[in-house]
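Descriptive analysis of the structure
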Amino acid sequence: MFSFKCSVSDGRSLPFLQYLVSLAVVKSIKLMDPQYAPVDIKIKWPNDIYGDGLKIGGVLCQSSYFNSQFDVIVGVGLNVNNTEPTTCVEALVQSVCPGARVTREAVLANFLEQFEIMFSAFVADGFLPFVREYLLHWMHSGQQVTLATPNGTRREVSVQGLSDNGFLLATDRAGETYELHPDGNSFDIAALTIRPKQR
């Protein structure tokens, strides 16, 4: 749908940028009109947008380091009006507001408005001010999933949230904590399994 460039100086904030963009996408839809607040749009860790349990979009961030800052190209793909192959933003909005029309231009304008405000706060204060809101809009709090390890073992874990490093935080029944990096793991939502990405 669109891409843009932004810059950050603190490399520790990079893992959180995709979360910030994902949250801005969700907010841009829900805040377009007060009647759209109940629309079922959620964030699937680390960077997918789901509506009514189906994937409708995603966020990709690619960074390079130059002159003491990270330049990040952010790409956002979002199915606004096409109900195939899953569903779209307009159909989700119409499920709570029959007859409503949603345009790509309106989504983009609302996204840019949300992101500009959020990004300024993010640069100043990091992701911490957004954690609570992010967790309200994601699919995973308390979710029971299977963690598949590189050596083939499997553990049942419960998703707790995000670690201070921006990783998915989960615990097993024995209380052992796991931090899962978004670049090294894939979350199969249908099978409720987190597994290492194939290299």
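Data block above holds the structure.
Counting starts from 1 at the beginning of each chain's written sequence and moves along it residue by residue. Thresholds applied to this predicted model are a pLDDT of at least 70 for local features of residues and 80 or more for the giving and counting of side-chain atom pairs; totals over whole chains, interfaces and linings are not thresholded and use all residues. Think of the side-chain values as coming from all heavy atoms in the structure, minus any hydrogens and water.

Comments concerning the pairing of strand β11 (residues 193-196)
When DSSP locates at least two bridges between a pair of strands, those strands are taken to pair. Secondary structure elements follow DSSP: runs of H or I of four or more residues count as helices, runs of E of two or more count as strands, with numbering from the N terminus. Pairing analysis gives two bridges linking strand β6 (residues 144-148) to β11, with the strands arranged parallel. Within β11, the residue paired with Thr146 across the bridge is Thr193. In terms of strand pairing, strand β10 (residues 185-188) meets β11 through four bridges, oriented antiparallel. The partner of Phe187 across the bridge, within β11, is Ile194.

Brief notes about the sheet that holds strand β5 (residues 69-78)
One open sheet holds the five strands; their spatial order is β1-β5-β4-β3-β2, and the pairing between them is antiparallel. This sheet does not close on itself; its edge strands, each paired only once, are β1 (2-8) and β2 (41-44). Across the sheet, the mean angle separating the axes of adjacent strands is 25° when strand polarity is ignored. Pairing of strand β3 (residues 48-51) with strand β4 (residues 54-66) involves four bridges; the strand directions are antiparallel. Paired with Tyr50 across the strands is Lys55, a residue of β4. In this fold helix α1 (residues 14-30) packs onto β1, β2, β3, β4 and β5, with an angle of close to 35° to the strand it touches most, β5. Angles run from 0 to 180 degrees between N-to-C directions of axes, and those axes are lines fitted to C-alpha atoms, restricted for helices to the stretch in contact. The contact definition used throughout considers only heavy atoms, calling two residues in contact when any of these lie within 4.5 Å.

Re the sheet that holds β11
Spatially, the six strands line up as an open sheet ordered β9-β8-β7-β6-β11-β10, and their pairing is mixed. Sheet topology places β9 (177-180) and β10 at the edges, where each strand pairs with a single neighbour. Strand-to-strand, the axes of this sheet are offset by a mean angle of 35°, without reference to chain direction.

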